[in-house]
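# Coordinate inspection notes
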Amino acid sequence: MEKTEELKINKDIPAGAVRTDMSRQEEAEPEGAAVMEAKGLNLWYGQHHALKEVSMTIPEHQITALIGPSGCGKSTFLKTLNRMNDLVPNVKITGHVGYRGKNIYDKDVDVTWLRKEIGMVFQKANPFPMSIYDNIAYGPRTHGIRSKAKLDEIVETSLKQAAIWDEVKDRLNRSALRLSGGQQQRLCIARALAVGPDILLMDESTSALDPISTGKIEDLTQELKSQVTIVMVTHNMQQAVRVSDKCAFFLLGELVEASSTQKMFSMPDDKRTEDYISGRFG
């Protein structure tokens, strides 16, 4: 984890000191109904045991931040939620990952359907080498939508949801690769939203962006969570405080603790969590 003065904590200040930096309610809001749940989840990359007996819930219409040092398993866990790890050779997974009561690792689960329901935005923007319009229309077309009027509606709605419509509405036929980095990332969010996901996974989606672009995407997540559940990986402790409702701290493949963000940053249950958010390691 990069040390940042913005966080205003150091090795001499206990985790509870973060409380004064949090513009959140004094009492943690009750956790909503779980839309996903992991139980006894283990994952191996070959002989490397990357996730160890992870159990946690993802509350609906909230933002859950996964935090922890590099290599701790948070991105690996994120990718288990829509089976992106299926694409990695020599992966073995045991345990249960439930989505609205269904184990997503059951043999009868259609992975194409799953990734429509649970979309993903990656660390580096990856727009397709085609027009802005076709980037957004790609997913709906893949799922059988052919009507130009319907596609026009989806493109406009998705770009508006991603807070980029006003910037691109007059150049929809231009290449998406000509957009700035921050615009490309919001375009990728719009592309994920175009197929109507229930959950949006964000894997350090602002880490390569400037502060202004990062702020726009953070604001966007606050607007989107009334429509979709968001799970995000972040190395930025201040970002976790600003945007998330719940935090989960991973270390060496284990889930150390998960609680409301307010509680974790003011009264963590585990000394390892306190040491991490206080900057003693990471």
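Residues numbered from 1 in each chain as written. Predicted model: local features only at pLDDT ≥ 70, side-chain atom pairs only at ≥ 80, totals over all residues. Heavy atoms only, no water.

Successive residues of a regular strand alternate their side chains across the two faces of the sheet. Across eight bridges, the pairing between strand S1 (residues 34-45) and strand S2 (residues 48-59) is antiparallel. Bridge assignment links Tyr-45 to a residue of S2, and that residue is His-48. Once S1 ends, the chain turns through two residues before running back antiparallel as S2, passing Gly-46 with a positive phi of about 65 degrees. (Pairing = 2+ DSSP bridges. Helix = DSSP H or I, 4+ residues; strand = E, 2+ residues; numbered from the N terminus.)

For the structure shown, the criterion picks out one cavity of 30 Å³ or more. The space that makes up the largest cavity amounts to roughly 50 Å³. Every residue lining the largest cavity is listed: Met-202, Glu-204, Ser-205, Thr-206, Ile-217, Glu-218, Thr-221, Met-232, Val-233, Thr-234 and Gln-239. At the level of secondary structure, the elements contributing two or more residues to the lining of the largest cavity comprise helix H7 (211-224) and strand S8 (229-233). For the lining of the largest cavity, the element with the most residues is H7, which contributes three residues. When grouped by side-chain class, the residues that make up the lining of the largest cavity number four nonpolar, five polar and two charged. (1 Å grid on protein atoms, 1.4 Å probe; cavity = no way out; pocket = protein on both sides within 12 Å on 5 of 7 lines; lining within 4 Å. Points joined across faces, edges and corners; volume = space filled by probe spheres on them. Nonpolar A, V, L, I, M, F, W, Y, C, P; charged D, E, K, R; others polar.)

Restricting attention to buried positions, one finds in helix H3 (residues 132-142) the residues Ile-132, Tyr-133, Asn-135, Ile-136, Ala-137, Gly-139 and Pro-140. Turning to H3, the residues buried within the fold contact helix H4 (148-161), helix H5 (165-168) and helix H6 (181-193). One or two steps after H3, the chain reaches Gly-144, where phi turns positive at roughly 100 degrees. (Buried < 20%, exposed > 50% of the residue type's maximum accessible area, 1.4 Å probe, protein only. Contact = heavy atoms within 4.5 Å.)

Next up on the list: the nonpolar core. Counting residues in each nonpolar core, the largest one holds 48 residues, and the members touching the most others are Ile-67, Ile-132, Leu-159, Ile-189, Leu-200 and Phe-265. With six residues, H6 is the single largest residue contributor to this core. In this structure, Ile-132 is in contact with Leu-159, Val-168, Arg-171, Leu-172, Arg-174, Ser-175, Ala-176, Leu-179 and Leu-187, ignoring residues within four places of it in sequence. If you look at the next biggest cluster of nonpolar residues, it comprises 30 residues, including Leu-41, Leu-43, Ala-50 and Ile-104. (Core = buried A, V, L, I, M, F, W, Y, C linked by side-chain atoms within 4.5 Å.)

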